[in-house]
Amino acid sequence: PPALNLKWGAERALRAADPLAEARKIHAEEIDRCEAIARHGAPLFRGRKALTICNTGALATGGIGTAFGVLLRARATVYALETRPLLQGARLTMWEARRDGLKAFLITDGMAAAALRLKGIKAAIAGADRIARNGDTANKIGTLGVALACHALKIPFYIAAPTSTIDLNARDERDIPIEERDPREVSDRFPAWNPAFDVTPARYITGIITERGILKPGDLKRL
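Now for a description of the structure that goes with this document. The structure presented is a predicted model; accordingly, all values stated were derived computationally and were not measured.

**Considering the packing of helix H1 (residues 4-15) against helix H2 (residues 19-45)**
Here's step 1: The interhelical angle for the contact between H1 and H2, taken along N-to-C directions, is 140°, at an axis separation of 8 Å. As far as their axial angle goes, H2 and H1 are oblique. Like other packed secondary-structure pairs, H1 and H2 cross with a definite hand, here right-handed. Here Trp8, Gly9, Arg12 and Ala13 of H1 come into contact with H2, specifically with Pro19, Glu22, Ala23, Lys25, Ile26, Glu29 and Arg33.
Here's step 2: When grouped by side-chain class, the residues that make up the contact of H1 with H2 number five nonpolar, one polar and five charged.

**Points about the environment of alanine 90**
Here's step 1: For alanine 90, the location among the structural elements is in helix H4 (residues 88-99).
Here's step 2: Among the residues examined, alanine 90 registers a relative accessible area of 26% and is labelled partly exposed.
Here's step 3: In the structure, alanine 90 is positioned 85 residues away from aspartate 175 in sequence and 31 Å away in space, judged by C-alpha atoms.

**A short note on the packing of H2 against helix H3 (residues 67-74)**
Here's step 1: One can describe the packing of H2 onto H3 by two numbers: an axis separation of 7 Å at closest approach and a directional angle of 60°. The angle between H2 and H3 places the two elements in the oblique class. At the point where H2 passes H3, the crossing takes the right-handed sense. Counted together, Glu35, Ile37, Ala38, Gly41, Ala42 and Phe45 of H2 and Gly69, Val70, Leu71, Arg73 and Ala74 of H3 form the full contact between these two elements.
Here's step 2: When grouped by side-chain class, the residues that make up the contact of H2 with H3 number seven nonpolar, two polar and two charged.

**Describing the side chain of glutamate 22**
Here's step 1: Counting through the fold element by element, glutamate 22 comes out in helix H2.
Here's step 2: Judged by its relative accessible area of 18%, glutamate 22 falls in the buried class.
Here's step 3: Setting aside its immediate chain neighbours within four residues, glutamate 22 contacts Arg12, Ala13 and Ala16.

**Describing the sheet that holds strand S8 (residues 166-167)**
Here's step 1: Strand order across the open sheet formed by four strands is S8-S5-S6-S9, with mixed pairing between neighbours. The two strands at the open ends of the sheet, each matched to only one other strand, are S8 and strand S9 (197-200).
Here's step 2: Here strand S5 (residues 130-132) runs beside S8; their pairing, made up of two bridges, is parallel. The partner of isoleucine 131 across the bridge, within S8, is isoleucine 166.

**Topic: helix H6 (residues 143-153)**
Here's step 1: Residues of H6 that are buried: Thr143, Val146, Ala147, Ala149 and Cys150. With its buried residues spanning 165° around the axis, H6 presents them on a single face.
Here's step 2: Note on H6: the residue one or two positions beyond its end, lysine 154, has a positive phi of about 60°.

**Some points on the packing of aromatic side chains**
Here's step 1: For the structure on display, the rule yields two aromatic pairs.
Here's step 2: With 5.8 Å between their ring centres and 70° between their planes, phenylalanine 45 and tyrosine 158 make a pair best called edge-to-face. Of this pair, phenylalanine 45 sits in helix H2 while tyrosine 158 is found in strand S7 (residues 157-160), placing the two residues 113 residues apart along the sequence. For the pair formed by phenylalanine 45 and tyrosine 158, the shared burial category is buried.
Here's step 3: Aromatic side chains tyrosine 79 and phenylalanine 105 sit 5.0 Å apart centroid to centroid with 25° between the ring planes, which places their arrangement in the stacked category. Residue tyrosine 79 is found in strand S2 (residues 77-81), and its partner phenylalanine 105 is found in strand S3 (residues 104-107); the two are separated by 26 residues along the sequence.
Here's step 4: Given a relative accessible area of 5%, tyrosine 79 falls into the buried group.
Here's step 5: Here phenylalanine 105 falls in the partly exposed class, since its relative accessible area comes to 35%.
Here's step 6: The ring of phenylalanine 197 carries the charged tip of lysine 140 above its face, separated from the ring centre by 4.5 Å.

Rules used in this analysis
- Residues numbered from 1 in each chain as written.
- Predicted model: local features only at pLDDT ≥ 70, side-chain atom pairs only at ≥ 80, totals over all residues.
- Heavy atoms only, no water.
- Axes fitted to C-alpha atoms, helices over the stretch in contact; angles between N-to-C directions.
- Helix = DSSP H or I, 4+ residues; strand = E, 2+ residues; numbered from the N terminus.
- Parallel < 35°, antiparallel > 145°, perpendicular 65-115°, else oblique.
- Left-handed = near helix turned anticlockwise from the far one by under 90°.
- Contact = heavy atoms within 4.5 Å.
- Nonpolar A, V, L, I, M, F, W, Y, C, P; charged D, E, K, R; others polar.
- Buried < 20%, exposed > 50% of the residue type's maximum accessible area, 1.4 Å probe, protein only.
- Pairing = 2+ DSSP bridges.
- Arc of directions from axis to C-beta.
- Phe/Tyr/Trp six-rings, centres within 6.5 Å; stacked < 30°, edge-to-face > 60°.
- Lys NZ or Arg CZ within 6 Å of the ring centre and 35° of its normal.

Written out as structure tokens, the structure is:
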């Protein structure tokens with residue numbers, strides 16, 4: 001439910017006279033959008049150490065990726081959070097980093113703040129499933145903790161996402177639905193709470209890297 005651009009793409013295709021042709025057109029546009037996001041964001045990360053969470057590469061998008069695409073084009077050194085409980089960072093992001101020849105290190109989610117303090121990481125970047133018009137951003141669970149740690153340590157925290165992820169009908173985080181998944185993914189022995197996403201308030205986001213350029217959260221309502 002939080003992933004707005006999936007809904008946007010499906011509705012656009014189904015409105016077309018030839019849905020399959022429209023879907024292929026969307027795919028081609030997505031490749032261009034990912035390259036544009038990477039082009040705008042790469043100078044911020046070029047040759048630097050960066051932390052990221054979840055998977056935002058080719059496996060998650062139609063092109064080279066959003067946040068991962070930025071890191072790929074920047075040839076950054078990547079610190080990838082494992083992203084519990086489904087381990088998208090460990091299973092997918094690290095696989096993509098190795099395939100693409102990026103220097104990358106896997107860390108557990110609980111190591112994020114320590115890595116930001118001790119490993120010379122200069123910036124953090126995440127993708128987005130939905131962005132409200134005030135800049136509040138929903139992404140994989142754990143993103144809020146990364147943003148808070150960056151804020152405390154005065155490290156820039158960026159979101160990379162196409163403008164199709166921006167929901168101008170959502171005023172703020174209160175209008176973003178948060179999916180809760182099967183608690184058994186966390187534990188089959190104990191009662192558990194398993195939200196798949198969290199929301200990072202706009203005040204903790206340094207900038208939002210889109211195919212149109214780098215925007216401040218306050219710029220979105222003018223789109």
